[in-house]
Amino acid sequence: GWQVEREEGYVHIISTKGRPVEIYANDPAKDVEGSEMIIRLLAKRGLKPGVVVHRGHSERAPETIARIPPTARIVYLGSCGSYNNVASVLDKSLSVHILSTKGVGTMFINDLLLKMLNDTIRDGNDIHWPAFWAEAERKLGRNPAFRDYVAPHRNIGVLFLKTYYQLVPQQASSPIE
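Quick caveat: nothing in here was measured; it's all calculated off a predicted structure.

Draft legend 1. Inspection of the overall build of the chain at higher detail. Looking only at helices and strands, the chain features 6 helices and 7 strands. Moving toward the C terminus, one meets the helices and strands of the chain in the order β-β-β-α-β-α-β-α-β-α-α-β-α. For a compact globule of 177 residues, the expected C-alpha radius of gyration is about 16 Å, and the chain comes in at 16 Å, within 12% of that figure. Seen through its C-alpha atoms, the chain measures out along the principal axes to roughly 45 × 40 × 30 Å. The proportion of buried residues among the 177 residues of the chain is 38%. When the accessible surface of the chain is totalled, it reaches about 10,100 Å², and 54% of it is carbon and sulfur.

Draft legend 2. Region of the structure containing the sheet that holds strand β2 (residues 10-15). What the 3 strands build is an open sheet, ordered β1-β2-β3; its pairing is antiparallel. The outermost strands of the open sheet, each flanked by one partner alone, are β1 (2-7) and β3 (22-26). If you compare each strand with its neighbour and ignore which way they point, the axes differ by 20 degrees on average. Sheet strands in contact with helix α1 (residues 31-45) are β2 and β3, and its direction is about 150 degrees off that of β3.

Draft legend 3. Geometry of the environment of E137. Of note, E137 is situated in helix α5 (residues 129-140). For E137, a relative accessible area of 33% gives the class partly exposed. Each C-alpha atom of the pair E137 and R19 lies 26 Å from the other, and the pair is 118 residues apart in sequence. Once you skip the residues sitting within four places of it in the chain, E137 turns out to touch F146 and R154. Looking at E137, its side chain comes within polar contact range of the side chain of R154, at 2.9 Å.

Draft legend 4. Representation of the nonpolar core. Grouped together as the largest cluster of nonpolar side chains are 20 residues, with contacts concentrated most on L113 and W133. Broken down by secondary-structure element, the contributors of at least two residues to this core are β5 (74-77), α4 (107-122) and α5. Apart from the residues within four sequence positions on either side, W133 is in contact with L99, L113, F146, Y149, V150, A151, H153 and R154. Listed in part, the 16 residues of the second largest apolar core include A87, L90, V96 and Y165.

Draft legend 5. Structural context of the pattern of salt bridges. In this structure the tally under the stated criterion is 10 salt bridges. In this structure, R60 and E63 form a salt bridge, with 2.9 Å as the shortest nitrogen-oxygen distance. For R60, a relative accessible area of 25% translates into the label partly exposed. R154 serves as the salt-bridge partner of E137, at 2.9 Å between the closest nitrogen and oxygen. Separated by 17 residues along the polypeptide, E137 in helix α5 and R154 in the loop between β7 (149-150) and α6 (156-167) bring together distant segments of the chain.

Draft legend 6. Local environment of the environment of G103. For G103, the location among the structural elements is in the loop between β6 (97-101) and α4. It is 5.2 Å that separates the C-alpha atoms of G103 and D148, two residues lying 45 residues apart in sequence. For G103, the contacting residues outside a window of four places in its chain are S79, C80, G81 and D148.

Draft legend 7. Main features of the sheet that holds β6. Taken together, the 4 strands give an open sheet; going across it, the order is β4-β5-β6-β7, and neighbouring strands pair in mixed fashion. On the outer flanks of this sheet lie β4 (51-54) and β7, each paired with one strand and no other. In terms of strand pairing, β4 meets β5 through 4 bridges, oriented parallel. Looking across to β5, one finds that V53 is bridged to Y76. Across the sheet, α4 is in contact with β4, β5, β6 and β7; its angle to β5 comes to roughly 165 degrees.

Definitions and limits used
Residues numbered from 1 in each chain as written. Predicted model: local features only at pLDDT ≥ 70, side-chain atom pairs only at ≥ 80, totals over all residues. Heavy atoms only, no water. Helix = DSSP H or I, 4+ residues; strand = E, 2+ residues; numbered from the N terminus. Rg over C-alpha atoms; globule rule 2.2 N^0.38 Å. Buried < 20%, exposed > 50% of the residue type's maximum accessible area, 1.4 Å probe, protein only. Areas by Shrake-Rupley, 256 points an atom, 1.4 Å probe, with all protein chains shown as cover. Pairing = 2+ DSSP bridges. Axes fitted to C-alpha atoms, helices over the stretch in contact; angles between N-to-C directions. Contact = heavy atoms within 4.5 Å. Polar contact = N/O pair within 3.5 Å; in protein donor to acceptor, adjacent residues only side chain to side chain. Core = buried A, V, L, I, M, F, W, Y, C linked by side-chain atoms within 4.5 Å. Salt bridge = Lys/Arg side-chain N within 4 Å of Asp/Glu carboxyl O.

As structure tokens, this is what we get:
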């Protein structure tokens, strides 16, 4: 259900069935260059992402977070300790659903969770986090690294910060300084 086109600096993945979905992923070997190419391409096409994903090293997460548009509805932070970045993500989009890690992010877990997420969106299904996470637990629950991943509906830190921001709307920056 997916067609992969390899470009210089990034990969473009297009759904071949179901709902039209386009995914742009930078080539890790050309991390900065690939990301900049994608940003220029999206701007040229007038596209704003609804899903933003950060994988790889956690020290690069602030660069990804800085580029989160207000149109983002899902932010996937699959790098190590990305749970610590949720306040910065909420500064970009208060209505976003954040999937993050408390500990080590792994390629095996990230690949399967993102495949599930992409397929759900492509198939035109709503994402109901409790059901989505139950399916993820069925597939990944025996992997000890999966315990480090925090589902959006179980992310107490995000739920607290969203409530805080709603109660104190004039707060323009992160409440944690």
